[in-house]
Amino acid sequence: MSARTGIRAPSIEMLTWICGKPVFALQRGTIYIVALFATSCVFCPKALADLGRLQEKYRDMGVEAFGVAARELAATADEARARVETWLNKKLPNSTIPIAFEHTGEMNKLWLVASGSVGDPTIFVVDRDNSITYIGYPEPADPDLLERVLTKVMDGSWDTSAEAKKAHEKWLEVALVHRANGALSIKDFKTALSTIEELKEGFPDNLQYREHHVKVLLEMMHDFEAGWIVLAGLVRDAIEKNDDRWLLVAMQQLFGSPYDYSRLPFAERFSMGKEWPAAGFMDIELRCSS
């Protein structure tokens, strides 16, 4: 089980409750806002306080919110609990939502890691059918976002809305980038490559993902056969777009990159220059020589 939008929410049976009315299981018919936080997070006190206000406003409409400290670095459960209690007394002494912690790492694994979360607090909205319908972080530039999500979940319009699609795509992109970076950090190039291919498919106009696709194949995996195919595709798309930025990157990848091109066909690389849009080619020459 993993925490992604559109699937059933994972279990919360492992939680140990510190304050407020415990939520031992997610009940069908109730909408839950689950905030996973950390005591090291400077944004979490305000986020939890804001959730308390949302719960007070919508409690009679079947909304419950609670917070979980799921990744406290403590040697024992008692130490983790003491740390959370001290933090609550100092940062959120009048919490109006239940607060729990989980020390074994199970909550972190099933919710945070599985969702691709890279920060605190991470907010999950679980609909009346016990499906995760939204995952995100508080947006300082859009403080009403979570309430808009909540009201649309309540009236059943969220899942089919344009805002839901945008939010899902944004979260998916963050999660995939996090997975790719994690794989690269441990030299798991196979996972990194498949993840970057997902990013490329989902966000075809993102030039950075196209560059990284080439880099992983040529520089890291030394797969020159596959790398040449991907590089040739990048060049063709750059020529078709006739966009200065894409053309500059394509030329740098063809002739100015640090990769070992001894096994790539120079004649084919050079012949692509003949297809280059004249104006774009001149602009690139000027930029490279400046």
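The written sequence of each chain sets the order in which its residues are numbered from 1. The model is predicted, so local features are restricted to residues of pLDDT at least 70 and side-chain atom pairs to those at 80 or more, both for listing and for counting; the totals for chains, interfaces and linings are taken over all residues. As a rule here, side-chain values come from all non-hydrogen atoms in the structure, and water together with hydrogens is ignored.

Quick look at unusual backbone geometry now. Of note, the amide linkage connecting Asp120 to Pro121 takes the cis form, showing an omega dihedral of -10°. With respect to the helices and strands, Pro121 occurs in the loop between α3 (106–115) and β5 (122–126). Even without a glycine there, the phi angle at Lys187 is positive, about 60°. By the criteria applied, helices consist of DSSP H or I runs no shorter than four residues and strands consist of E runs no shorter than two, each listed in order from the N terminus. Along the polypeptide, Lys187 turns up in the loop between α5 (162–185) and α6 (189–202). Note on classification: 1.4 Å probe, protein chains only; a residue is buried when its accessible area is under 20% of the maximum for its type, exposed when over 50%, partly exposed between these limits. According to the relative accessible area criterion, Lys187 is exposed, its value standing at 63%. Of note, the phi angle at His222 is positive, near 55°, even though the residue is not glycine.

Residues Ile33 and Leu51 are the most contacted members of the largest nonpolar core, which totals 35 residues. Those elements that place two or more of their residues in this core are β2 (31–37), α1 (44–58), β3 (63–69), α2 (77–91), β4 (99–101), β5, α4 (145–155) and α5. Top contributing element to this core by residue count: α4, with six residues. Residues count as neighbours in contact if any of their non-hydrogen atoms are within 4.5 Å of one another. Every residue in contact with Ile33, bar those within four places of it in the chain, is listed here: Leu51, Leu54, Val63, Glu64, Ala65, Phe66, Ile123, Phe124, Leu146 and Leu150. Here, nonpolar core means buried Ala, Val, Leu, Ile, Met, Phe, Trp, Tyr and Cys residues that are tied together by side-chain atoms lying within 4.5 Å of each other. Formed by 26 residues, the second largest nonpolar core is a distinct cluster that contains Leu231, Leu234, Ile239 and Val249.

Before going further, it helps to examine the confidence of the model for the protein. pLDDT measures how confident the predictor is about each residue, on a scale from 0 to 100. Taken residue by residue, the protein gives an average pLDDT of 88. The fraction at 70 or more is 88%. In this model, residues 278–290 is a region of pLDDT below 50 whose contacts with residues beyond four sequence positions or in other chains number twelve contacts.

Take the pattern of salt bridges next. By definition here, a salt bridge exists when the distance from a side-chain nitrogen of Lys or Arg to a carboxyl oxygen of Asp or Glu is within 4 Å. Tallying each qualifying case throughout the model produces 15 salt bridges. With a shortest N-O distance of 2.1 Å, Asp50 and Arg53 are connected by a salt bridge. Residue Asp50 and its partner Arg53 are located together in helix α1, separated by three residues, close to a single helical turn. Owing to a relative accessible area of 51%, Arg53 belongs among the exposed residues under this scheme. For Lys170, the salt bridge identified is with Glu139, shortest N-O distance 2.6 Å. With a gap of 31 residues between them, Lys170 in helix α5 and Glu139 in the loop between β6 (132–136) and α4 connect regions that are remote in the sequence. Several salt bridges converge on common partners, so that one network encompasses Asp142, Arg148, Lys152 and Glu163.

Attention now moves to the packing of helix α8 (residues 224–241) against helix α9 (residues 244–256). Axis separation between α8 and α9 bottoms out at 8 Å; the angle between their running directions is 150°. One way to sum up the angle between α8 and α9 is to call them roughly antiparallel. The chirality of how α8 crosses α9 is left-handed. Across the interface between the two elements, Trp228, Leu231, Leu234, Val235, Asp237, Ala238, Ile239 and Lys241 from α8 touch Trp246, Leu247, Ala250, Gln253 and Leu254 from α9. Charged means Asp, Glu, Lys or Arg here, nonpolar means Ala, Val, Leu, Ile, Met, Phe, Trp, Tyr, Cys or Pro, and polar covers whatever is left, Gly included. Per-class residue counts for the contact of α8 with α9 are ten nonpolar, one polar and two charged. Every axis corresponds to a line fitted to the C-alpha atoms, with the helix fit spanning only the stretch in contact, and the corresponding angles, defined between N-to-C directions, vary from 0 to 180 degrees. Any angle from 65 to 115 degrees is called roughly perpendicular, while one under 35 is roughly parallel, one over 145 is roughly antiparallel, and all others are oblique. Here a crossing is taken to be left-handed if its near helix is turned anticlockwise relative to the far helix by less than a right angle, and right-handed if that turn runs clockwise.

Time to look at α4. Every buried residue of α4 is accounted for by Leu145, Leu146, Val149, Leu150, Val153 and Met154. Summarising the contacts, the buried residues of α4 are in contact with β2, α1, β3, β5, β6 and α5. Immediately downstream of α4, the backbone of Gly156 shows phi near 80°, a positive value.

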